[in-house]
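Breakdown of the fold
Single-letter residue listing:
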Amino acid sequence: MISYYPGDLPPITGNPDDIFLCDPVKEAASEYLQSEAKRRKEIIAQIEKADAITYQLNTGIYIIVSPSFEPDYAYRVTYMDSQGPYAHHDFATASKVADEIGSGAVALEAVII
């Protein structure tokens, strides 16, 4: 088993109001949407590389991504606070898991078994 630091996630920069743009040309030029897509892409890469990975939200909640034991699902996302685990959800793709990782999340540790 190898434990490692997965690396910093790119920050989301620009104007968050750009999520309300309806013009594809303006959306393509949006710094906010581009930086959000870059961060999401990095989260997906981290999830696909590791067998398990832990993120921490700025609220102190931990998100642990690990293999799912349910049929038709690849990943289990476990939410944990200071009292311990309190919920989990299973997802079929790393892309769906990336939607669960908040914009203020920090990657803490990853494991390859």
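Residues numbered from 1 in each chain as written. Predicted model: local features only at pLDDT ≥ 70, side-chain atom pairs only at ≥ 80, totals over all residues. Heavy atoms only, no water.

Details of the pairing of strand 6 (residues 106–112)
Pairing between strand 1 (residues 2–4) and strand 6: three bridges, direction antiparallel. Looking at the pairing, Tyr-4 lines up with Ala-110 of strand 6. By the bridge criterion, five bridges tie strand 2 (residues 52–56) to strand 6 in an arrangement that is antiparallel. Among the inter-strand pairings, Ala-52 is bridged to a residue of strand 6, identified as Val-111. (Pairing = 2+ DSSP bridges. Helix = DSSP H or I, 4+ residues; strand = E, 2+ residues; numbered from the N terminus.)

Brief notes about the environment of Tyr-79
Counting through the fold element by element, Tyr-79 comes out in strand 4 (residues 75–81). A relative accessible area of 9% places Tyr-79 in the buried class. In sequence terms Tyr-79 and Ala-52 are 27 residues apart; their C-alpha atoms lie 14 Å from each other. Setting aside residues no more than four positions away along its own chain, Tyr-79 makes contact with Tyr-62, Ile-63, Gly-84, Pro-85, Tyr-86, Ala-87, His-88, His-89 and Glu-100. There is a polar contact of 2.3 Å between the side chain of Tyr-79 and the side chain of Glu-100. (Buried < 20%, exposed > 50% of the residue type's maximum accessible area, 1.4 Å probe, protein only. Contact = heavy atoms within 4.5 Å. Polar contact = N/O pair within 3.5 Å; in protein donor to acceptor, adjacent residues only side chain to side chain.)

Overview of unusual backbone geometry
With phi around 70°, Asp-72 is a residue other than glycine that occupies positive phi space. Assignment of secondary structure puts Asp-72 in the loop between strand 3 (62–67) and strand 4.

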